[in-house]
Amino acid sequence: MTLSQDLTKARQQADQLDATDGLSGFRSQFHIPRHADEAVVYFCGNSLGLQPKKTEEAMQLEMQKWQQDAVNGHFSGDFPWMTYHEFLQETGADLVGAKPSEVVYMNSLTANLHFLMASFYRPQGQKRKILIEDHAFPSDHYAAASQVAWHGYHAETDLLLLKPREGEVTLQTEDILKTIERNADELALILLPGVQYYTGQVLDMEAITKKAQQYAIPVGFDLAHAAGNIDMALHDWGVDFAAWCSYKYLNSGPGAVAGAFVHEKHHDKDLPRLQGWWGHEKTSRFDMDNQFKPAPGADAWQLSNPPILSLAAVRASLEVFKEAGGMKTLTAKSKQLTSFLRQMLEDCCGDKVQILTPEDAQGCQLSLVIKSDKPGKAVYQALTDAGIVVDWREPDVIRVAPTPLYNSFLDAYRFVETLVAEL
Ligand SMILES: *Cc1c(COP(=O)(O)O)cnc(C)c1O
């Protein structure tokens, strides 16, 4: 087939797939930016998700309550501020395959990584290393390195960096498991991503957790690119802890309050914890007797009373995920959408575009390296100028993330049609 025949066929398929997409109605629940009088193709939900239309109303509700009820707002209305985080617990837990008591929305992602490491990174003697990836997201690297230093050790020797094989860009599960086995005597913690931010590779969290457990090494996952993207079962897998931000696939707004997971098996243990009053059991929190009594579950890790306006945005957005039928339903479409995109890229771009993301370990994001004569960054710029919102990550990747809630198959088609013209 010629390129134009491939494109014509793809366009027809896109129209058919959109016509039978049970989730297509959700697109109208979001504010989609415009470019030259048309909605942009927004494939940047991996960086900042779009704003659900409900969000403004949810935030207005709390603004009004503050105006009208002031301090009494802690107890008034449908969502009293005193227990506001509890309104996010069930939907928040469903999203990551957890029990409600295992999930709490608080702080921000890197802060949560630190607070959780305060509990789960307990180096002793030879067993003091943290296993992370080579070229982890900078914040994760800094967090792990500074935890090591905080305990009086040295990042140069006590961070164990997982590298892909020579000539490869993604990690092989077999290599991760072997690294854990070989270094078990020295590992005090494993901290890995659920979905790698640069390549889009989904790691086998279940296998990694099982292996870690054989050697009683605590394992935590950074789910920044996994939450709201892939289906997970943190509780059943036995993951010790996890943290994620909610401004990426969770569409909760810039700098939104983040999520944290602590497995039930740790709830009644006397784990060391950095404490604050909001982690205190709620009925006696105001006794002011300075005898810390932890709240049940992950709630005990809270420090401060949370920013309600920001939590309102998270609450509104999680409701959209719930209405859509949760991650099982969303990932069914996501798989179709991303596979359709991959197929079009293979058919229409040939070797001018290399896809780094492994097909058997992909979420919604595909990471593309441009191999045509035009530099990747120039192609990225041309896409931007044409109203296609994707992102550029140094040194050479264009990340493209169609999301099942607000992206259509036509979006995927429009992206490829524009890309082909710019290669
Ligand atoms: C987005 C992202 C972060 C951002 O951290 P914040 O504390 O929310 O600023 C951290 N780690 C990973 C892996 C990310 O993808």
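Residues numbered from 1 in each chain as written. Predicted model: local features only at pLDDT ≥ 70, side-chain atom pairs only at ≥ 80, totals over all residues. Heavy atoms only, no water.

## Things to note about the overall build of the protein
Applied cut-off: Helical segments are the DSSP runs of H or I of at least four residues, strand segments are the runs of E of at least two, and each set is numbered from the N terminus. All radius of gyration figures rest on C-alpha atoms, and the globule criterion is 2.2 Å times the number of residues raised to 0.38. Contacts: residue pairs with any heavy atoms within 4.5 Å of one another. Under the convention used here, Asp and Glu are negative, Lys and Arg are positive, and both His and the chain ends fall outside the count. Charge coordinates come from a single atom per side chain, which is NZ of Lys, CZ of Arg, CG of Asp or CD of Glu.
When helices and strands are counted, the protein shows 13 helices and 17 strands. Here the protein has a C-alpha radius of gyration of 22 Å; the compact-globule value for 423 residues is 22 Å, and the two agree. Considering only C-alpha atoms, the protein reaches an extent of 75 × 60 × 30 Å along its principal axes. Intrachain contacts of the protein at a sequence separation of at least 6 include 70% that bridge at least 24 residues. On the protein, the mean spot of the 38 positive side-chain charges and the mean spot of the 55 negative ones are 1 Å from each other.

## Digging into the sheet that holds strand β14 (residues 366-370)
Let me state the cut-off plainly: Pairing between two strands requires that DSSP report at least two bridges joining them. To get an axis, a line is fitted to the C-alpha atoms, and for a helix only the part in contact is used. The angle between two axes follows their N-to-C directions and goes from 0 to 180 degrees.
On the basis of which strands lie adjacent, the open sheet formed by four strands has the order β13-β14-β17-β16 and antiparallel pairing. Here the strands that pair on one side only, and so sit at the sheet edges, are β13 (353-355) and β16 (391-393). Across this sheet, the average inter-strand angle for adjacent strands is 35°, counted without regard to direction. Of the strand pairs in this sheet, β14 and strand β17 (residues 397-400) are connected by three bridges, and their pairing is antiparallel. For Leu366, the partnering residue across the bridge sits in β17 and is Val400.

## Some thoughts on the pairing of strand β10 (residues 219-222)
The condition is simple: Only protein chains enter the accessibility calculation, which uses a 1.4 Å probe; a residue is then buried when its area is under 20% of its type maximum, exposed when over 50%, and partly exposed in between. A crossover counts as right-handed when, viewed with the strands pointing away from the observer, the path leading from the first strand over the helix to the second turns clockwise.
Burial along β10 is two-sided: the face carrying Val219 and Phe221 and the face carrying Gly220 and Asp222 are both buried. Here strand β9 (residues 187-193) pairs with β10 via four bridges, running parallel. What sits directly across from Pro193, in β10, is Asp222. Note that the unit made of β9, helix α8 (residues 205-214) and β10 has a crossover that is right-handed. Inspection of the sheet shows β10 paired to strand β11 (residues 241-244) by three bridges, in the parallel sense. In the strand pairing of β11, Gly220 is matched with Phe241.

## Points about empty space enclosed by the protein
Inclusion rule: Here a cavity means grid points, on a 1 Å grid over the protein atoms only, where a 1.4 Å probe fits yet cannot get out; a pocket means an open set of points with protein on both sides within 12 Å along at least five of seven lines; lining residues are those with an atom within 4 Å of a point. Grid points are joined across faces, edges and corners, and a volume is the space filled by probe spheres set on the points. Three classes are used: nonpolar for Ala, Val, Leu, Ile, Met, Phe, Trp, Tyr, Cys and Pro, charged for Asp, Glu, Lys and Arg, and polar for all others, with Gly counted as polar. Source of the domain bounds: an automatic or database domain assignment.
Taken as a whole and judged by the stated rule, the model has one cavity of 30 Å³ or more. Looking at the largest cavity, its volume works out to about 50 Å³. Along the walls of the largest cavity sit Gly228, Tyr249, Asn251, Phe321, Leu330, Thr403, Pro404, Leu405 and Tyr406, which together make up its complete lining. Partitioned by chemical class, the residues of the lining of the largest cavity number six nonpolar, three polar and no charged. Looking at the lining of the largest cavity, you find at least three residues from each of domain 1 (3-50 + 326-422) and domain 2 (79-324).

## Describing the domain arrangement of the protein
How we decide: In short, buried area is how much 1.4 Å probe accessible area vanishes from two parts on joining, totalled over both. Salt bridge, as applied in this entry: a Lys or Arg side-chain nitrogen positioned within 4 Å of an Asp or Glu carboxyl oxygen.
For the protein, the assigned domains read domain 1 (3-50 + 326-422) and domain 2 (79-324). When each unit is reduced to the centre of its C-alpha atoms, the spacing between domain 1 and domain 2 is 29 Å. At the junction of the two partners, domain 1 supplies 35 residues and domain 2 supplies 25 residues. Summed over both partners, the interface of domain 1 with domain 2 comes to about 2400 Å²; 58% of that surface belongs to carbon and sulfur atoms. Linking domain 1 with domain 2 are one salt bridge, by the criterion used here.

## As for a negative patch on the surface
Going by this rule: Two joining distances apply to patches: 9 Å for like charges and 5 Å for nonpolar side chains (Val, Leu, Ile, Met, Phe, Trp, Tyr), and every residue must have over 30% relative accessible area and no salt bridge. Per-residue accessibility takes into account occlusion by the displayed protein chains alone, with areas from the Shrake-Rupley method and a 1.4 Å probe.
Together, Glu346, Asp347, Glu359 and Asp360 make up a region of like negative charge exposed at the surface. You can see Asp347 is positioned in helix α11 (residues 326-349). What makes Asp347 partly exposed here is its relative accessible area of 35%.

## Comments concerning the layout of surface pockets
Counted as a void, the largest pocket has a volume near 360 Å³. What lines the largest pocket is a set of 20 residues, and nearest its centre among them are His135, Pro164, Val169, Tyr198 and Thr199. Per-domain counts for the lining of the largest pocket show at least three residues from each of domain 1 (3-50 + 326-422) and domain 2 (79-324).

## Some remarks on the site of the ligand
Using the following cut-off: Only heavy atoms are used to decide nearness, and a residue is near a molecule or strand if one of them lies within 4 Å of it. Identification of polar contacts relies on pairs of N or O atoms within 3.5 Å, with a donor-acceptor requirement for protein atoms, meaning one able to donate a hydrogen and the other able to accept it, and with residues adjacent in sequence counted only if both atoms are side-chain atoms.
All residues adjacent to the ligand are Leu109, Thr110, Phe137, Asp140, Asp222, Ala224, His225, Tyr247 and Lys248. Between Thr110 and the ligand, the recorded distance is 2.5 Å, taken from a side-chain N or O atom to an oxygen atom. Tyr247 has a polar side-chain atom sitting 2.5 Å from an oxygen atom of the ligand. Relative to its free-state accessible area of 390 Å², the ligand is covered by the protein chains to the extent of 83%.

## Points about the nonpolar core
As a reminder, the rule being used: What we call a nonpolar core is a set of buried Ala, Val, Leu, Ile, Met, Phe, Trp, Tyr and Cys residues that are connected through their side-chain atoms within 4.5 Å.
Within the largest apolar cluster, 67 residues are counted, with the highest numbers of intra-cluster contacts made by Tyr105, Ile190, Ile208, Leu223 and Trp244. Take this core: its biggest share by element is eight residues, from helix α10 (residues 308-323). Of the residues that make up this core, three or more belong to each of domain 1 (3-50 + 326-422) and domain 2 (79-324). If we skip the residues at most four places from it in the chain, Tyr105 touches His85, Leu88, Gly92, Trp244, Ser246, Leu250, Val257, Ala258, Gly259, Leu311, Val314 and Leu318. Core analysis: the next-biggest nonpolar cluster, separate from the first, contains 32 residues, Ala10, Val41, Val353 and Leu368 among them.

## So, the sheet that holds strand β12 (residues 258-262)
Pairing in this open sheet of seven strands is mixed, and the strands run β6-β12-β11-β10-β9-β7-β8 from one edge to the other. Whereas interior strands pair on both sides, the edge strands pair on one side only; in this sheet they are β6 (103-106) and β8 (159-162). Pairs of neighbouring strands in the sheet enclose a mean axial angle of 20°, with direction left out of account. Pairing between strand β7 (residues 129-133) and β9: three bridges, direction parallel. The residue of β9 that forms the bridge with Ile130 is Leu189.

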